[in-house]
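Topology and contacts: notes
Single-letter residue listing:
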Amino acid sequence: KLWIALNEIEKTSIALQYYNGSEWQELPTILAGEETDEAYYFQAITRHFSYFAITGLKKGSMPKGLAMIESTDFQKPQIGVESTPIIKHLNNSSTELSFKVKVEIIQGIDVEYVSEEQAVIKAKQGKEIAFAEKWLPILAGTHVVTVKLYSPDKSVLYDTKVLRIDMEGELRYDVSIQCQQSIIR
């Protein structure tokens, strides 16, 4: 919390990034918890070794109210049934703007879905984007959904929404259990 406060970082913009050999790429990152005065806990998932960096935007660099995510719709997702993420966002500026919308869905420690769409929205209007790539939920449990609204070059983060979807099923798979077995002969 001290680093965030001293550097005036917008908490919702914090992300873990990895270096792929030519550029930095953001990993799906969620705020997993916090201690009262001590720390925030973030979770990110990677499948490879790399150089890593924790990044965040300064407060005030996220233009408040210029553009925003108005609603998210995942059409009552069910295990084994494809769902189309639908994100409605607004352009509150006085000029036409281009946007990139990114949706990340994490279940347990697995990234289940990551997709981006781009849109152009006229001044003072909204637009609903139905993602071309479908989400196929495969496990019951808690899914953490992060929706981010960026400028096309990702230099400006306009808005972020994090929501939780609880999927019912016979078994929940959002608890990690490790068993070690010793065989004595």
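A brief report on the enclosed structure follows. Every value quoted in this text rests on a predicted model; they were computed, and no experiment measured them.

So, a nonpolar patch on the surface
On the surface, a cluster of nonpolar side chains totalling about 380 Å² of accessible area is made up of Tyr19, Trp24 and Tyr51. When you line up the elements, Trp24 lands in strand β2 (residues 24-26). Here Trp24 falls in the partly exposed class, since its relative accessible area comes to 42%.

Things to note about the sheet that holds strand β9 (residues 110-121)
In spatial order, the strands read β9-β8-β11-β12; together these 4 strands make up an open sheet with antiparallel pairing. Each having just a single partner strand, β9 and β12 (157-167) make up the two edges of the open sheet. Taking each pair of neighbouring strands and ignoring which way they run, the sheet shows an average axis angle of 15 degrees. Relative to β12, strand β11 (residues 141-150) is paired through 10 bridges, and the arrangement is antiparallel. Residue pairing for β12: Lys148 is matched across the bridge by Thr160.

Some points on the pattern of salt bridges
The tally for this structure, following the rule as stated, stands at 7 salt bridges. A salt bridge links Glu34 to Lys1, with the shortest nitrogen-to-oxygen separation between them at 2.8 Å. Within this pair, whereas Glu34 is found in strand β3 (residues 29-34), its partner Lys1 is found in the segment before α1 (2-6), the two being separated by 33 residues in sequence. We classify Lys1 as partly exposed; its relative accessible area is 22%.

What to know about the side chain of Thr142
Mapping Thr142 onto the fold places it in strand β11. Among the polar contacts made by the side chain of Thr142, one reaches the side chain of Asp166 at a distance of 2.7 Å.

Looking at the packing of aromatic side chains
Going through the model one piece at a time under the given rule, you end up with 4 aromatic pairs. Note on Phe74 and Trp135: the rings are 6.0 Å apart at their centroids and 85 degrees apart in plane angle, and the pair reads as edge-to-face. On the criterion of sequence distance, the pair formed by Phe74 in the loop between β6 (67-73) and β7 (86-91) and Trp135 in the loop between β10 (125-130) and β11 is long-range, its members being 61 residues apart. Per residue, the accessibility class of Phe74 equals that of Trp135, and both read buried. The residue whose ring lies beneath Lys1 is Tyr40, and the NZ or CZ to ring-centre distance is 4.8 Å.

Calculation notes
Residues numbered from 1 in each chain as written. Predicted model: local features only at pLDDT ≥ 70, side-chain atom pairs only at ≥ 80, totals over all residues. Heavy atoms only, no water. Patch = residues over 30% accessible without salt bridge, like charges linked within 9 Å, V, L, I, M, F, W, Y side chains within 5 Å. Areas by Shrake-Rupley, 256 points an atom, 1.4 Å probe, with all protein chains shown as cover. Salt bridge = Lys/Arg side-chain N within 4 Å of Asp/Glu carboxyl O. Helix = DSSP H or I, 4+ residues; strand = E, 2+ residues; numbered from the N terminus. Buried < 20%, exposed > 50% of the residue type's maximum accessible area, 1.4 Å probe, protein only. Pairing = 2+ DSSP bridges. Axes fitted to C-alpha atoms, helices over the stretch in contact; angles between N-to-C directions. Polar contact = N/O pair within 3.5 Å; in protein donor to acceptor, adjacent residues only side chain to side chain. Phe/Tyr/Trp six-rings, centres within 6.5 Å; stacked < 30°, edge-to-face > 60°. Lys NZ or Arg CZ within 6 Å of the ring centre and 35° of its normal.

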